[in-house]
Amino acid sequence: MKLIRTFGKSAAEATTVIQEIAARGATSTASVAPAVKKIVTDVKRKGDKAVREYAQQFDGLQPEQDILVDPAEMEAAWNALPKHLKAAMKEAAANIHAFAEAQMPEEWIIEPASGVRTGQIVRPLDAVGCYVPGGRYPLPSTLLMTTLPAQVAGVERIVVCSPKPGQETLAAAHLCGVSEFYRVGGAQAIAMMAYGTDSTPPVTRIVGPGNLYVTAAKQLVSQDCGIDMPAGPTEIVVTSDLGDAQGIATDLVAQAEHDPETLAIFITTNEPLAKEVQKQAKALARKNKLAKQSLEARGTIFVCETPMEAQALTNLLAPEHLTVDRPEDLQWVRNAGSVFIGPHSPQSMGDYVSGPNHVLPTGRTGRLRGGLSVMDFVKLITVQQYTAKGLAKLGPHAIAMAEAEGLVGHAESVRVRLKP
């Protein structure tokens, strides 16, 4: 990791590096866009045939294999798990479920004027597609994080797609009661879920992380099917003056091992701590190939002149994962996907068992939204009801505004109901 002071002789260098990081975007999909467009177009035109062809080409699907996973296979995978892993998955599922329940929005009605009732009702989406990556590592945690909030929201049809799903992922699907699981990935899975085939109806929204091809496909189909957010490489920022150097370094290395493109940053005003974190991270990453590659390429430590500068830089970067020193630090946090407080809150806990979702905004999307939540699986539908008395009170105001806009039909639709 390179260490840069944001003040003094290195201020100009720091400004350039910060501007480059801040302009990173979620991810650049231009390099794969033509290939993704062809795959999506083929699936739209040829349906199941194209999905199978691409699944055999890219996902390791065997000619005799069904794309749809038999529930018995998921049950067998669960039964084969060691007891300690079953216990861990059950604990994680319970915490994710409880957190989603706490997030669930409420229905309500208010009376802004006598005879006028307004409010909202909450309705689940009809069908959602959950993408679970299956590349470098099996990710049963992502299956839990995507399907359980959908269940809490009341979504009736939950589809899971994952290429070459490992035993752990299939077991997690059984634990969550998933009945529609397809062993297909990449752009072909996104297109299948978005547009449907003869055997697979389309979904209303697609959620979950994925590689460059998955992200490009989600962006492409987003004109026709809802998506959660583009998902770029993992990001971690630790902003600390008091933290333990070893703990900070282990968090940086842990997130850096996700992907060679991971963005790992430490922000501090404590230069001795900065140098110790730099030393510890280098030592810890020595035997972790992906983390070493990531930290050497873009791992950065910023030494700021004041705490306010460190805070402003943190919010500017809008990181996916953020660690701070104290609960009081939440007062200045404005842009982040998920926040971890203090030396006993490793970011890895949020990846697995805490309960808050680990599908989080990257590429400064944290300026606009938080992580995946139960809110991604519901609609808030507004309602309004007038009595004759209520319409008599507010109707003239609506008529005045409609006439000011020149919309005489709007005004008349109110006026006709005001006649005795």
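Residues numbered from 1 in each chain as written. Predicted model: local features only at pLDDT ≥ 70, side-chain atom pairs only at ≥ 80, totals over all residues. Heavy atoms only, no water.

**Looking at the side chain of Glu 271**
Convention followed: Numbering goes from the N terminus for both helices and strands, where a helix is a DSSP run of H or I of at least four residues and a strand is a run of E of at least two. Residues count as neighbours in contact if any of their non-hydrogen atoms are within 4.5 Å of one another.
Relative to the assigned elements, Glu 271 resides in helix 11 (residues 271-285). Discounting residues that sit within four places of it in the chain, Glu 271 has contacts with Arg 5 and Val 303.

**Looking at the environment of Arg 367**
Selection rule: What qualifies as a polar contact is a pair of N or O atoms within 3.5 Å, subject to a donor-acceptor requirement within protein and to the restriction that residues adjacent in sequence count only when both atoms come from side chains.
Inspection of the secondary structure puts Arg 367 in the loop between helix 14 (347-352) and strand 14 (378-386). Between the C-alpha atom of Arg 367 and that of Ala 336, which follows or precedes it by 31 residues, the distance is 7.2 Å. Of the polar contacts made by the side chain of Arg 367, one reaches the backbone oxygen of Arg 364; its length is 2.8 Å.

**So, the pairing of strand 10 (residues 263-268)**
Selection criterion: Working definition: with a 1.4 Å probe on protein chains only, accessible area under 20% of the residue-type maximum means buried, over 50% means exposed, and in between means partly exposed. At least two DSSP bridges between two strands are required for those strands to pair. The definition of a right-handed crossover adopted here requires that, viewed with the strands pointing away, the path from the first strand over the helix to the second runs clockwise.
Of all six residues in strand 10, six are buried, a share of seventy percent or more. The two faces of strand 10 match: Leu 263, Ile 265 and Ile 267 on one face and Ala 264, Phe 266 and Thr 268 on the other face are all buried. In this sheet, strand 10 lies alongside strand 9 (residues 235-239) in parallel orientation, the contact comprising five bridges. Each residue of the ladder has a partner; that of Thr 239, found in strand 10, is Ile 267. Of the crossover connections in this fold, the one passing from strand 9 over helix 10 (residues 245-256) to the parallel strand 10 is right-handed. Relative to strand 11 (residues 300-303), strand 10 runs parallel, the two being bridged by four bridges.

**Overview of the state of the cysteines**
In plain terms, the rule: Cysteine sulfurs are considered disulfide-paired once they come within 2.5 Å of each other.
This structure, assessed with the given rule, holds zero disulfides. No disulfide involves Cys 130; its sulfur sits 9.4 Å from that of Cys 161, the nearest cysteine. Given the relative accessible area of 0%, Cys 130 is considered buried.

**Some remarks on the packing of aromatic side chains**
Which entries qualify depends on this criterion: Pairing of aromatic side chains here covers Phe, Tyr and the six-membered ring of Trp, requires ring centres within 6.5 Å, and sorts the geometry by plane angle: under 30 degrees stacked, over 60 edge-to-face, intermediate tilted. Whether a charge lies above a ring is judged from NZ of Lys or CZ of Arg, which has to be within 6 Å of the ring centre and within 35 degrees of the ring normal.
By the definition in use, this model includes one aromatic pair. Pairing Tyr 54 with Phe 58 gives two aromatic rings, centres 6.1 Å apart and planes at 5°, and the pair type is stacked. In this pair, Tyr 54 and Phe 58 both sit in helix 3 (residues 48-58), four residues apart, roughly one turn of the helix. Over the aromatic face of Tyr 195 sits the side chain of Lys 44, whose NZ or CZ is 4.5 Å from the ring centroid.

**Quick notes on unusual backbone geometry**
Unusually for a residue other than glycine, Ala 318 sits at a positive phi of about 45°. Residue placement: Ala 318 occurs in the loop between helix 13 (307-317) and strand 12 (321-324). Given a relative accessible area of 0%, Ala 318 falls into the buried group. Positioned with a positive phi, Arg 364 is a non-glycine residue whose angle comes to about 65°. If you trace the backbone, Arg 364 turns up in the loop between helix 14 and strand 14.

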